[in-house]
Amino acid sequence: FILQERQQAQARKARGDFLNSLVWWKQHLENIPQELTLPLDRERPSMASGKAGFLPFSISNEKIRKLESLCSAEGSELLSGLIAIWASILLRRSTLGGERELILGYARHRRGLHSSIQKEVIGCFKTVLPLVISQPNELSFRAAVNSTQSELVACITHSDVPIHETVQAVCN
């Protein structure tokens, strides 16, 4: 798998696809917010304990169907609607004042493995795409879904750059 990934990366670099995508990522992430400050529910200890909690929740089938219908009517995927909802919740809880933009990491399945290699390799092969989600206060939910869909498509289009190389390019 690693050999194939390297060969594919070299082929993309030779064609210029890689460089075009790397330039796109650098421009796209140029003015990203540095931090999203969320309120704490309690004081945090100075030393992390490693303990965590779990809050189960579910979304009714009826609400999922309504969201699917809304997304479909907008020409978007259900995923875009779910991401738009999650971003909206985070931005409403944010203590950044008027800041209405954040970065959400989207773990995407790595496609492109040849079927002969897929049979021989065991593992979870994903890449992370940093989605820049903007939701101005006056933005309707339908517009937020459309904006999220456009962002998702653009990021997937340029997903041939591994996240570590994207971060390196943006930080330099």
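This text follows the structure it describes.
An account of the accompanying structure is given in this report. (Residues numbered from 1 in each chain as written. Predicted model: local features only at pLDDT ≥ 70, side-chain atom pairs only at ≥ 80, totals over all residues. Heavy atoms only, no water.)

What follows concerns the overall build of the protein. Of regular secondary structure, the protein possesses seven helices and two strands. Listing every helix and strand of the protein by position from the N terminus yields α-α-α-α-β-α-β-α-α. A burial count over the protein gives 30% of its 172 residues as buried. A separation threshold of at least 6 residues defines the contact pool for the protein, and within that pool the share at least 24 residues apart is 74%. As displayed, the protein offers around 12000 Å² of accessible surface, 54% of which is attributable to carbon and sulfur atoms. (Helix = DSSP H or I, 4+ residues; strand = E, 2+ residues; numbered from the N terminus. Buried < 20%, exposed > 50% of the residue type's maximum accessible area, 1.4 Å probe, protein only. Contact = heavy atoms within 4.5 Å. Areas by Shrake-Rupley, 256 points an atom, 1.4 Å probe, with all protein chains shown as cover.)

Over its 13 residues, helix 3 (residues 61–73) extends 18 Å from the first C-alpha to the last, a length consistent with the 18 Å expected when each residue adds 1.5 Å. Inspection of helix 3 places L67, L70 and C71 among the buried residues, and these make up the whole buried set. Seen end-on, helix 3 carries its buried residues on one side only, within an arc spanning 95 degrees. For helix 3, the exposed residues lying more than 90 degrees away from the buried face are N61, R65, S72 and A73. On the buried face of helix 3, the contacting elements are helix 4 (78–93) and helix 6 (141–157). Looking one or two residues beyond helix 3, the residue adopting positive phi is G75, at roughly 75 degrees. (Expected span 1.5 Å × (residues − 1). Arc of directions from axis to C-beta.)

Relative to each other, helix 4 and helix 6 sit at 115 degrees, their axes nearing to 8 Å. Taken together, helix 4 and helix 6 sit at an angle that is classed as roughly perpendicular. Here helix 4 and helix 6 pass one another in a crossing that is right-handed. Side by side, helix 4 and helix 6 meet where L79, S80, G81, I83, A84 and I85 of the first sit next to F141, A144, V145, T148, Q149 and L152 of the second. For the contact of helix 4 with helix 6, a count of residues per class yields eight nonpolar, four polar and no charged. (Axes fitted to C-alpha atoms, helices over the stretch in contact; angles between N-to-C directions. Parallel < 35°, antiparallel > 145°, perpendicular 65-115°, else oblique. Left-handed = near helix turned anticlockwise from the far one by under 90°. Nonpolar A, V, L, I, M, F, W, Y, C, P; charged D, E, K, R; others polar.)

Another point: the pattern of salt bridges. A full pass over the atoms with the stated rule returns two salt bridges. K66 serves as the salt-bridge partner of E62, at 3.3 Å between the closest nitrogen and oxygen. Here E62 pairs with K66, and both are found in helix 3, just four residues apart, close to one helical turn. According to the relative accessible area criterion, E62 is partly exposed, its value standing at 47%. (Salt bridge = Lys/Arg side-chain N within 4 Å of Asp/Glu carboxyl O.)

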